[in-house]
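An overview of the molecular structure
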Amino acid sequence: MSHREHKSVVIVGGGQAGLSVSYYLTKNNLDHVVLERHKKFHSWRVNRWDTFCLVTPNWQCHLPDFPYAGDDPDGFMVKEEITDYLDAFAQTFDPPIVEHCEVMKIAKRPGGGYLVDSSQGNYSADQVVIATGGYDNPIVPPFAANLDPSIMQMHSVDYRRPSQMPEGATLIVGTGQSGVQLMEDMHLEGRDVHLAVGPAPRSPRVYRGRDSTNWMHDLGHYDITIDRHPNPEHAVSKTNHYMTGRDGGHEIDLRKFARDGVSLYGSVSGMEGSSIQFLPDLEKNLDDADTSYLGIRSMIDDYIEKNSIDAPVEPEFEKVWRPEQEITEIDCKEMGITSILWAIGFRPNYGWIDVDVFDDLGRPVYDRGVCKTEGFYFIGLGWLNTWGSGRFLGIDEDSRHLANVISGRQKTTMRAVS
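First, a word on what this report is: a plain description of the structure on this page.

Analysis parameters
Residues numbered from 1 in each chain as written. Predicted model: local features only at pLDDT ≥ 70, side-chain atom pairs only at ≥ 80, totals over all residues. Heavy atoms only, no water. Helix = DSSP H or I, 4+ residues; strand = E, 2+ residues; numbered from the N terminus. Rg over C-alpha atoms; globule rule 2.2 N^0.38 Å. Buried < 20%, exposed > 50% of the residue type's maximum accessible area, 1.4 Å probe, protein only. Contact = heavy atoms within 4.5 Å. Areas by Shrake-Rupley, 256 points an atom, 1.4 Å probe, with all protein chains shown as cover. Pairing = 2+ DSSP bridges. Axes fitted to C-alpha atoms, helices over the stretch in contact; angles between N-to-C directions. Patch = residues over 30% accessible without salt bridge, like charges linked within 9 Å, V, L, I, M, F, W, Y side chains within 5 Å. Salt bridge = Lys/Arg side-chain N within 4 Å of Asp/Glu carboxyl O. Lys, Arg positive; Asp, Glu negative; His and termini not counted. Charge placed at Lys NZ, Arg CZ, Asp CG, Glu CD. Expected span 1.5 Å × (residues − 1). Core = buried A, V, L, I, M, F, W, Y, C linked by side-chain atoms within 4.5 Å. Right-handed = clockwise from strand over helix to strand, strands pointing away.

**Describing the overall build of the protein chain**
Of regular secondary structure, the protein chain possesses 10 helices and 22 strands. Taken against the 2.2 N^0.38 rule, which gives 22 Å for 418 residues, the C-alpha radius of gyration of the protein chain at 23 Å falls within 12% of a compact globule. Principal-axis analysis of the C-alpha atoms places the extent of the protein chain at approximately 75 × 60 × 40 Å. Taking all 418 residues of the protein chain together, 50% fall into the buried category. A separation threshold of at least 6 residues defines the contact pool for the protein chain, and within that pool the share at least 24 residues apart is 70%. Accessible surface, the protein chain: about 19,600 Å² in total, of which carbon and sulfur atoms supply 48%.

Written out as structure tokens, the structure is:
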């Protein structure tokens, strides 16, 4: 049997989630190692476009004992500022991280604990934390293979700037936060942009004198835990509301972009040769996004009235554009579309984990990140505990909780051994 270095805890993933757990384990004097496939904070450094910035304001950046301390708490850090913030956090405690180390398998160890095989040596561990996030495999539907190969296809993870795309028009598929921001990025560069609109909800940016996230914080929205959520399945699966922090932050109303020249369609349903088919759901998706938008405004209005807050009154919402008809098929060559930019998300890859911690659909099962299989944990996933769990806002609370559970179990194990 090959030699295995033993650690009390192995953390897989060197992003903000994994290093936040490492921070608290370090404070608890618990020996551990962080194994990172690339360099720490790789996704922030590499897998973002040039004009990327936070969607949530800087005040929500609250890593362990390291809140945002800049002079623009209501602003939105751009990519370089985000990585500077993360690097400065890591320097506060010098995490025991092994970079360029891919974990290839984790399995139960006979007698207890876990075996961790990696590209830079093998480990045994009493406990394991999975902090790899849910963005492993970019989603591209199977029918994309039927598209004329002369039409370039790219996923949002590879997009950096409009000049990457060939001359001609680009169809962006997906209207989550990435899709609408990439659409705006290309539109502002004067590119001919087409957008397939999915069912994602949208949010106000500034409403009645404050950023909507400030109001939602005061409303207690970010304190709701998944076990108290009225519809937890919907919360976990729902796409994030779209808006942007670009140029100081603003809301994104797709109707205004359509009025200004962006061509909108419903959800993509198929591709064949140079032909692309769409569902006749454009108007429904736009209306549903507006319903979400108006619902948030209504919640804020009610809160202001209930608490007798003096806040400016906003004009009534107006739908500035409606589709004259639902276009269900286009020919790329006729429309001058030379590229497709997929922005419909990612799927996690847990195929390297040979531990009974998943449901029948392959999703990890846990309570606040703690699995029923003793000593196995997840961190950094959306709604692990609250809305902020997959974001800077909630990672401090989640990592502190997990580290306390881990440290408590380690002490119990040590007492049992002694």
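**Quick word on the sheet that holds strand β19 (residues 337-342)**
Here we have five strands laid out as an open sheet, ordered β10-β19-β11-β12-β15, and parallel in their pairing. Edge positions in the open sheet fall to β10 (152-155) and β15 (263-265), since each of these has one partner strand only. Averaged over all adjacent pairs, the angle separating strand axes in this sheet is 20°, with direction ignored. Note: strand β11 (residues 169-173) against β19, five bridges, orientation parallel. Counterpart to A169 in the pairing with β19 is I337.

**Here's the deal with the sheet that holds strand β16 (residues 268-272)**
Taken together, three strands build an open sheet; the order of strands is β16-β17-β18 and the sheet is antiparallel. What marks the edges here is a single partner per strand, and that holds for β16 and β18 (329-331). Averaged over all pairs of adjacent strands, the angle between strand axes in this sheet comes to 20°, irrespective of strand direction. As paired strands, strand β17 (residues 275-278) and β18 are joined by three bridges and run antiparallel to one another. Across the sheet, S275 pairs through a bridge with D331, a residue of β18.

**Examining the side chain of T225**
Topologically, T225 is positioned in the loop between α5 (212-218) and α6 (232-237). Of the residues examined, T225 reaches a relative accessible area of 15% and is grouped as buried. Setting aside anything within four residues of it in sequence, one finds T225 in contact with W383, N385 and T386.

**Points about a negative patch on the surface**
Residues D71, D72, D74, E80, E81 and D84 make up a contiguous surface patch of negative charge. Within the element layout of this structure, D71 appears in the loop between β4 (66-67) and α3 (79-90).

**Comments concerning the pattern of salt bridges**
Once the charged atoms of two side chains with opposite charge are near each other, the side chains can pair. As enumerated under the stated definition, the model contains 27 salt bridges in all. Its salt-bridge partner being D359, residue R363 comes within 2.8 Å of it at the nearest N-O pair. Residue D359 is classed as partly exposed on the basis of its relative accessible area of 25%. A cluster of three or more residues bridged by salt bridges with shared partners is formed by R202, E251, D253, R255, E283, D287, D290, K319 and R322.

**Concerning helix α1 (residues 16-27)**
Taking 1.5 Å per residue as the helical rise, α1 with its 12 residues ought to reach 16 Å, and the 16 Å between its terminal C-alpha atoms agrees with that figure. With 10 of 12 residues buried, α1 is to be regarded as a mostly interior element. Taken residue by residue, α1 has Q16, A17, G18, L19, S20, V21, S22, Y23, Y24 and L25 as its buried positions. After α1 finishes, the residue N29 shows a positive phi value of roughly 55°.

**Some details on the nonpolar core**
Counting 60 residues, the largest nonpolar core has V129, L254, L264, I379 and I406 as the members making the most contacts within it. At the level of elements, β1 (4-12), α1, α3, α4 (177-188), β12 (193-196), α7 (254-259), α8 (282-306) and α10 (395-417) are the ones that each hand at least two residues to this core. Looking at which element gives the most residues to this core, the answer is α1, with six residues. Core analysis: the next-biggest nonpolar cluster, separate from the first, contains 22 residues, V10, V12, Y114 and V128 among them.

**Quick look at the side chain of H42**
Relative to the assigned elements, H42 resides in helix α2 (residues 42-46). Ignoring anything within four residues of it in the chain, the contact list for H42 reads E36 and N47.

**Let's talk about unusual backbone geometry**
For D65, which is not glycine, the phi torsion reads 55° and is therefore positive. Counting through the fold element by element, D65 comes out in the loop between β3 (62-63) and β4. With phi around 55°, H100 is a residue other than glycine that occupies positive phi space. Turning to its location among the elements, H100 is positioned in the loop between β5 (97-98) and β6 (103-108). Accessibility expressed as a relative area gives 51% for H100, which makes it exposed.

**Brief notes about the environment of D94**
With respect to the helices and strands, the residue D94 is situated in the loop between α3 and β5. When its relative accessible area of 64% is taken as the criterion, D94 is described as exposed.

**A word on the pairing of β1**
With seven of its nine residues buried, β1 lies for the most part within the structure. Bridge count between β1 and strand β8 (residues 121-130): eight bridges; the pairing is parallel. Considered in β8, the bridge of H6 is made with S124. In terms of strand pairing, β1 meets strand β2 (residues 32-35) through four bridges, oriented parallel. In the strand pairing of β2, I11 is matched with V34. Read as a crossover between parallel neighbours, the route from β1 over α1 to β2 is right-handed.

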